[in-house]
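Coordinate analysis (summary)
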Amino acid sequence: MVASAAMLVAATVVVFLIFDSHSHSNSDTIRPFVITMAPAWILYVLVWRFVTVRRTKD
């Protein structure tokens, strides 16, 4: 789980840098970045909770 979190953080930074390099204003950076990365982080948190709950029950 730590390795996947590190990869998601690295991907988040890369995606932000890509959006930032092609934008002309803050809203051109933040809005697409949040729309792109929020589902990835939500999915990661849900999977993390599912995995940790399964481990504690076994």
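Every chain is numbered on its own, with residues counted from 1 as its sequence reads. Confidence filtering applies because this is a predicted model: local features only for residues at pLDDT of at least 70, side-chain atom pairs given and counted only at 80 or more, and all residues used for totals across whole chains, interfaces and linings. To obtain the side-chain values, all non-hydrogen atoms of the structure were used and water was disregarded.

1. Section: the side chain of S23
Residue position: S23 is located in the loop between α1 (2-21) and α2 (26-57). Only protein chains enter the accessibility calculation, which uses a 1.4 Å probe. A residue is then buried if its area is under 20% of the maximum for its type, exposed if over 50%, and partly exposed in between. Judged by its relative accessible area of 17%, S23 is buried. Two N or O atoms form a polar contact when they lie within 3.5 Å of each other; inside protein one atom must be a possible hydrogen donor and the other a possible acceptor, and for residues adjacent in sequence the pair counts only when both atoms belong to side chains. Within the structure, the side chain of S23 is placed 3.3 Å from the backbone oxygen of D20, a separation counted as a polar contact. Reaching out from S23, the side chain makes a polar contact with the side chain of T29 at a distance of 2.6 Å. Under the DSSP-based scheme used, a helix requires at least four consecutive residues in state H or I and a strand at least two consecutive residues in state E, with every element numbered from the N terminus.

2. Quick word on the environment of V15
In this fold, V15 is placed in helix α1. In this structure the C-alpha to C-alpha distance between V15 and P32, which are 17 residues apart in sequence, comes to 9.8 Å. Among residues more than four places away in sequence, those in contact with V15 are F33, T36 and M37. The criterion used for residue contact is that any of the two residues' heavy atoms lie within 4.5 Å.

3. Some thoughts on a nonpolar patch on the surface
A contiguous nonpolar surface patch, about 340 Å² in accessible area, is contributed by V9, V13, L17 and W41. No other element matches the three residues that α1 contributes to the nonpolar patch. Within the element layout of this structure, W41 appears in helix α2. Patches in this entry comprise residues that are over 30% relatively accessible and not in a salt bridge; like charges within 9 Å are linked, as are nonpolar side chains (Val, Leu, Ile, Met, Phe, Trp, Tyr) within 5 Å. Where accessible areas are quoted, they stem from the Shrake-Rupley method and a 1.4 Å probe; at the residue level, only the protein chains shown are allowed to cover. Any carboxyl oxygen of Asp or Glu within 4 Å of a side-chain nitrogen of Lys or Arg constitutes a salt bridge here.

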